[in-house]
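# A structural walkthrough
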Amino acid sequence: MITIKTKTCTNCGKRRRVKFFNKKSSSKDGVSSRCKDCLVTDYSVSYIKHKESLKEYNKEYYQSTKESRSVEGKAYREANREKVLEYHRNYDEVNRDRKNELNRNYYNKHKDEISLRTKMKRIQQKMLCSSVDAELVERVFNFTEEWEGIRDFVELWDKEKDSEEREAILEDLEEVIDELEIYDIVKVRCSFG
Ligand SMILES: [Zn+2]
């Protein structure tokens, strides 16, 4: 088969590359005899010519079928109401199981993270109730997610019964937090080049 690269439009007479012609399987060379520009112009002209009558026709058609459509629709909806309800009931049931399973999977996958976060929340609350400076508590728990060492400190504080020891742990913690905050500032600045 010879593939043609160009073709002359029978309408405008321009010789153009075949990509400017629509594909047409019924044509001998596989493309339309008129180029796309001519087709578009043609369509536009006939569209404008018929637009008004089309609009009128659509309006008439819409009006004439309006009543039957609403009656049919109503009957259909009524006949199918039970079906639709049944569908939703089944959907909910199937998805409840699926949702539960997804939740279970999520929990199992993130069990450690979740229990860790819950634990941190509990200790945070305990610190606040033990009158540890609220600002320090906030600063500490900014770092517990990212820094395992901070979590160790926090857990140490949680287990410690002696109040003086607890104070000492907090002092150490504050020192480390001071450093981490500086480290964070440096990190941010460097990442901005
Ligand atoms: Zn043309």
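Refer to the preceding data block for the structure.
Described in the following lines is the structure provided in the data block.

Now for the overall build of the protein. The helix and strand inventory of the protein stands at five helices and four strands. Taken from N to C terminus, the helices and strands of the protein fall in the order β-β-β-β-α-α-α-α-α. By residue count, 7% of the 193 residues in the protein fall in the buried class.

Once that is clear, we can look at the nonpolar core. I123, M127, V140, I150, F153, V154, W157, L170 and L173 together form the largest nonpolar core, which totals nine residues. For this core, the element with the highest residue contribution is helix α4 (residues 148–159), accounting for four residues. Sequence-distant contacts of L173, that is, excluding residues within four places in its chain, are made with V140 and F153.

Over its twelve residues, α4 runs 17 Å from end to end, which matches the ideal 16 Å to within 8%, given 1.5 Å per residue. For α4, the full list of buried residues reads I150, F153, V154 and W157. Projection of α4 onto a plane perpendicular to its axis shows the buried side chains occupying an angular sector of 95°, all on one side. Seen from the open side of α4, the exposed residues pointing more than 90 degrees away from its buried face are E148, G149, D152 and K159.

So, about unusual backbone geometry. Most peptide bonds adopt trans geometry, and most residues besides glycine take a negative phi value. Positive phi is not limited to glycine here, since S131 has a value of about 60°. Structurally, S131 is set in the loop between α2 (111–129) and α3 (134–141).

Further remarks concern the packing of α2 against α3. As a packed pair, α2 and α3 sit with axes 10 Å apart at the nearest point and diverge in direction by 165°. Judged on the interaxial angle alone, α3 and α2 are roughly antiparallel. Considering how the two elements wind past one another, α2 and α3 form a crossing that is right-handed. Residues M120, Q124, M127 and L128 of α2 form the contact with α3, whose participating residues are A134, V137 and F141. When its residues are assigned to classes, the contact of α2 with α3 shows six nonpolar, one polar and no charged.

Cut-off values and rules
Residues numbered from 1 in each chain as written. Predicted model: local features only at pLDDT ≥ 70, side-chain atom pairs only at ≥ 80, totals over all residues. Helix = DSSP H or I, 4+ residues; strand = E, 2+ residues; numbered from the N terminus. Buried ≥ 20, exposed ≤ 12 C-beta atoms within 10 Å, placed from the backbone. Core = buried A, V, L, I, M, F, W, Y, C linked by C-beta atoms within 7 Å. Contact = placed C-beta atoms within 7 Å. Expected span 1.5 Å × (residues − 1). Arc of directions from axis to C-beta. Axes fitted to C-alpha atoms, helices over the stretch in contact; angles between N-to-C directions. Parallel < 35°, antiparallel > 145°, perpendicular 65-115°, else oblique. Left-handed = near helix turned anticlockwise from the far one by under 90°. Nonpolar A, V, L, I, M, F, W, Y, C, P; charged D, E, K, R; others polar.

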